[in-house]
Amino acid sequence: MLEQFFDGLRLITSYSAEREMLELGLRIRDCLESLENGYEPSRTRGKNTIEKWLDEGSKTCNVVAVRSYNYLLGEEVYLITHVGRFGRRV
């Protein structure tokens, strides 16, 4: 598996985000694209938390990632905690 990096840090998924990605048919590469090319919503998240939205036709994909420390890898990472898709009016 190829490793994905965002903003200079490794990008990994939580168990719940991985389940959400499977339900939506997304891969970590799709989440990386949303983080790189998406826009920030009007609501704010907590410290060290990024939320990006990416429009895909009549749907919007949102990805939430938290800057964290992974003890197994021994480095700081971006942990994807939520992935979702919702409809919007076009």
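Because the structure is predicted, anything quoted here is derived from the model rather than measured.

## Describing the overall build of the chain
Thought 1: Across its full length, the chain carries two helices and five strands.
Thought 2: In the chain, the succession of α and β elements from N to C terminus is β-β-α-α-β-β-β.
Thought 3: For the chain, the C-alpha radius of gyration of 13 Å lies close to 12 Å, the compact-globule estimate for 90 residues.
Thought 4: Here the C-alpha coordinates of the chain stretch approximately 45 × 30 × 20 Å along the principal axes.
Thought 5: Split into buried and exposed, the 90 residues of the chain put 38% on the buried side.
Thought 6: For the chain, long-range pairs separated by at least 24 residues make up 48% of all intrachain contacts whose partners lie at least 6 apart in sequence.
Thought 7: Surface exposure of the chain reaches about 6100 Å², of which carbon and sulfur atoms provide 49%.
Thought 8: Seen as two clouds, the 13 positive and the 14 negative side-chain charges of the chain have centres 5 Å apart.

## Side note on the pairing of strand β5 (residues 75–87)
Each regular strand displays side chains that alternate between the two surfaces of the sheet.
Thought 1: As defined by bridge partners, strand β2 (residues 9–13) adjoins β5 across four bridges and the pair is classed as parallel. Across the sheet, residue Ile12 finds its bridge partner in β5, namely Leu79.
Thought 2: With 12 bridges connecting them, strand β4 (residues 59–70) and β5 associate as antiparallel partners. Directly across from Asn70, in β5, lies its bridge partner Glu75.

## Some thoughts on unusual backbone geometry
Thought 1: The backbone of Asp7 shows a phi angle near 55 degrees, a positive value even though the residue is not glycine.
Thought 2: Inspection of the secondary structure puts Asp7 in the loop between β1 (5–6) and β2.
Thought 3: Overall, the relative accessible area of 58% leaves Asp7 in the exposed class.
Thought 4: Residue Asn48 is not a glycine yet carries a positive backbone phi of 65 degrees.
Thought 5: The topology assignment puts Asn48 in the loop between α2 (28–37) and β3 (49–56).
Thought 6: Taking the relative accessible area as the measure of exposure, Asn48 reaches 44% and is therefore partly exposed.

## Some remarks on the confidence of the model for the chain
Thought 1: In the predicted model, the chain carries a mean pLDDT of 91, and 97% of its residues have values of at least 70.
Thought 2: Averaged over each element, pLDDT in the chain is lowest for β1 (92) and highest for helix α1 (residues 15–24) (95).

The rules behind the values
Residues numbered from 1 in each chain as written. Predicted model: local features only at pLDDT ≥ 70, side-chain atom pairs only at ≥ 80, totals over all residues. Heavy atoms only, no water. Helix = DSSP H or I, 4+ residues; strand = E, 2+ residues; numbered from the N terminus. Rg over C-alpha atoms; globule rule 2.2 N^0.38 Å. Buried < 20%, exposed > 50% of the residue type's maximum accessible area, 1.4 Å probe, protein only. Contact = heavy atoms within 4.5 Å. Areas by Shrake-Rupley, 256 points an atom, 1.4 Å probe, with all protein chains shown as cover. Lys, Arg positive; Asp, Glu negative; His and termini not counted. Charge placed at Lys NZ, Arg CZ, Asp CG, Glu CD. Pairing = 2+ DSSP bridges. pLDDT = per-residue confidence, 0-100.

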